[in-house]
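Residues per chain are reported as follows:
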Amino acid sequence: MVVPAVSDESMSDWMLYVYKQFERPMATTGVELKLMVLDSNNNYRDIGITRTDSTGFFSFQWTPDVPGRYTVYAIFTGSKSYYPSTGSDGVRS
């Protein structure tokens, strides 16, 4: 079973669900992610902040302003319950 990161506010009820088989909490919120890009001119830029859902997935709508290849970085700065982490992927505009 893959267990997504959840917000500190959701942690108590989420752990009861994961480890004690309580009913899945309906009001679970995920964690905040900072989104950055490395554009085709090799400039790093912040593009926004989003939050994961209770399954660990996230989305963000953004329109690139420079044509070419981008590397998108999702940065989790950590919380009381989780260490920080970063992930990246390449896209072409």
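The shown structure was predicted, so the numbers you read here are calculated from the model rather than taken from an experiment.

> Explain the pattern of salt bridges to me, and be specific about the residues and the numbers.
The tally for this structure, following the rule as stated, stands at 3 salt bridges. Of the charged contacts, one joins Asp39 and Arg45 as a salt bridge, the two residues approaching to 3.3 Å between their closest N and O atoms. Relative accessible area serves as the criterion here: at 4%, Asp39 is assigned to the buried category. Look at Arg45 and you get partly exposed, because its relative accessible area is 25%. One salt bridge in this structure joins Asp65 and Arg45, with 2.9 Å as the shortest N-O distance. Taken together, the residues Asp65 in the loop between β2 (44–51) and β3 (69–76) and Arg45 in strand β2 connect sequence positions 20 residues apart.

> So, the packing of aromatic side chains: which residues are in play, and what are the values?
Tallying each qualifying case throughout the model produces 4 aromatic pairs. Between Trp14 and Tyr17 the ring centres are 5.0 Å apart and the planes differ by 50 degrees, which places this aromatic pair in the tilted class. Of this pair, Trp14 and Tyr17 both sit in helix α1 (residues 11–20), 3 residues apart, roughly one helical turn. Relative accessible area serves as the criterion here: at 1%, Trp14 is assigned to the buried category. Between Tyr44 and Tyr73 the ring centres are 6.0 Å apart and the planes differ by 45 degrees, which places this aromatic pair in the tilted class. Note that Tyr44 is positioned in strand β2 and Tyr73 in strand β3, a separation of 29 residues in sequence.

Cut-off values and rules
Residues numbered from 1 in each chain as written. Predicted model: local features only at pLDDT ≥ 70, side-chain atom pairs only at ≥ 80, totals over all residues. Heavy atoms only, no water. Salt bridge = Lys/Arg side-chain N within 4 Å of Asp/Glu carboxyl O. Buried < 20%, exposed > 50% of the residue type's maximum accessible area, 1.4 Å probe, protein only. Helix = DSSP H or I, 4+ residues; strand = E, 2+ residues; numbered from the N terminus. Phe/Tyr/Trp six-rings, centres within 6.5 Å; stacked < 30°, edge-to-face > 60°.

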